[in-house]
Amino acid sequence: MENVTIEATQNGIWLNGAGRIGKISNCNIYGGSHGINAYLANLWHIALDIENSKISGGVYGIDIWDEAQVNTGSTITFKYDDASVFTGTTNNMKITLQEEITCTINGVTQETPCDVRS
């Protein structure tokens, strides 16, 4: 996805389950709730690669999460560059994942459970 503007009342992008976006480049994504909302469950894999983009939401710029259930084998791979901006009134970025999920942010595997907020 390149040179795209999304203005939504709820979620700019909603990944429910397995969702792979090759790259979000030079985009402006706004959601009334979340710019990007990504939900993981058992054996689901999500990949986000964000470059030179502005992702914003009324609550979170980016919210990646799962529920307290068995999520064995699920993965999230999240890459972004320094030119990308995430903004939200509660958190700019929130990643909350249970122990069974492998989370890699900019090439670094996070400890589990993972709770990243900025």
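What you are looking at is a predicted structure, and each value in this text was computed from that prediction instead of being measured.

> Could you clarify how one ought to interpret the nonpolar core in this entry?
Formed by 25 residues in total, the largest nonpolar core has its most connected members in I62, I64, F78, I95 and L97. Broken down by secondary-structure element, the contributors of at least two residues to this core are β2 (11–16), β6 (34–40), β7 (45–51), β9 (60–66), β10 (75–80), β12 (91–97) and β13 (102–105). With sequence-adjacent residues up to four places away left out, I64 is seen in contact with A38, L40, L48, I76, F78, K94, I95, T96 and L97.

> Explain unusual backbone geometry here, please?
When glycine is set aside, most residues are seen to have a negative phi, and most peptide bonds are trans. Cis peptide bonds are those with omega within 30 degrees of zero, and the linkage from T112 to P113 qualifies with -5°. At N106, a position not held by glycine, the phi torsion is positive, near 50°. Along the chain, N106 turns up in the loop between β13 and β14 (108–109).

> I would appreciate a short explanation of the packing of aromatic side chains in the present structure.
Given two aromatic rings, their pairing is described by the distance between the two centres and the angle made by the two planes. Here the structure, examined in full by the defined rule, presents five aromatic pairs. Between F78 and F86 the ring centres are 6.2 Å apart and the planes differ by 50°, which places this aromatic pair in the tilted class. On the numbers, 5.2 Å between centres and 85° between planes, the contact of Y80 with F86 is edge-to-face. For Y80, a relative accessible area of 27% gives the class partly exposed. The exposure class of F86 is buried, given its relative accessible area of 10%.

> Got a minute to help me understand the sheet that holds β9 in this structure?
Pairing between the strands of a sheet is mediated by backbone hydrogen bonds and can be parallel or antiparallel. An order of β2-β6-β9-β12-β15 is seen for the five strands of this open sheet, with the pairing classed as mixed. Taken across any chain shown, the strands that pair with only one partner, and hence form the sheet edges, are β2 and β15 (114–117). Averaged over all neighbouring strand pairs, the angle between strand axes comes to 5°, with direction disregarded. Examined bridge by bridge, β2 and β6 share five bridges and lie parallel to one another. Residue L15 lies in a different strand from β6, and its bridge partner there is A38.

Each value, and the rule that gives it
- Residues numbered from 1 in each chain as written.
- Predicted model: local features only at pLDDT ≥ 70, side-chain atom pairs only at ≥ 80, totals over all residues.
- Heavy atoms only, no water.
- Core = buried A, V, L, I, M, F, W, Y, C linked by side-chain atoms within 4.5 Å.
- Buried < 20%, exposed > 50% of the residue type's maximum accessible area, 1.4 Å probe, protein only.
- Helix = DSSP H or I, 4+ residues; strand = E, 2+ residues; numbered from the N terminus.
- Contact = heavy atoms within 4.5 Å.
- Phe/Tyr/Trp six-rings, centres within 6.5 Å; stacked < 30°, edge-to-face > 60°.
- Pairing = 2+ DSSP bridges.
- Axes fitted to C-alpha atoms, helices over the stretch in contact; angles between N-to-C directions.

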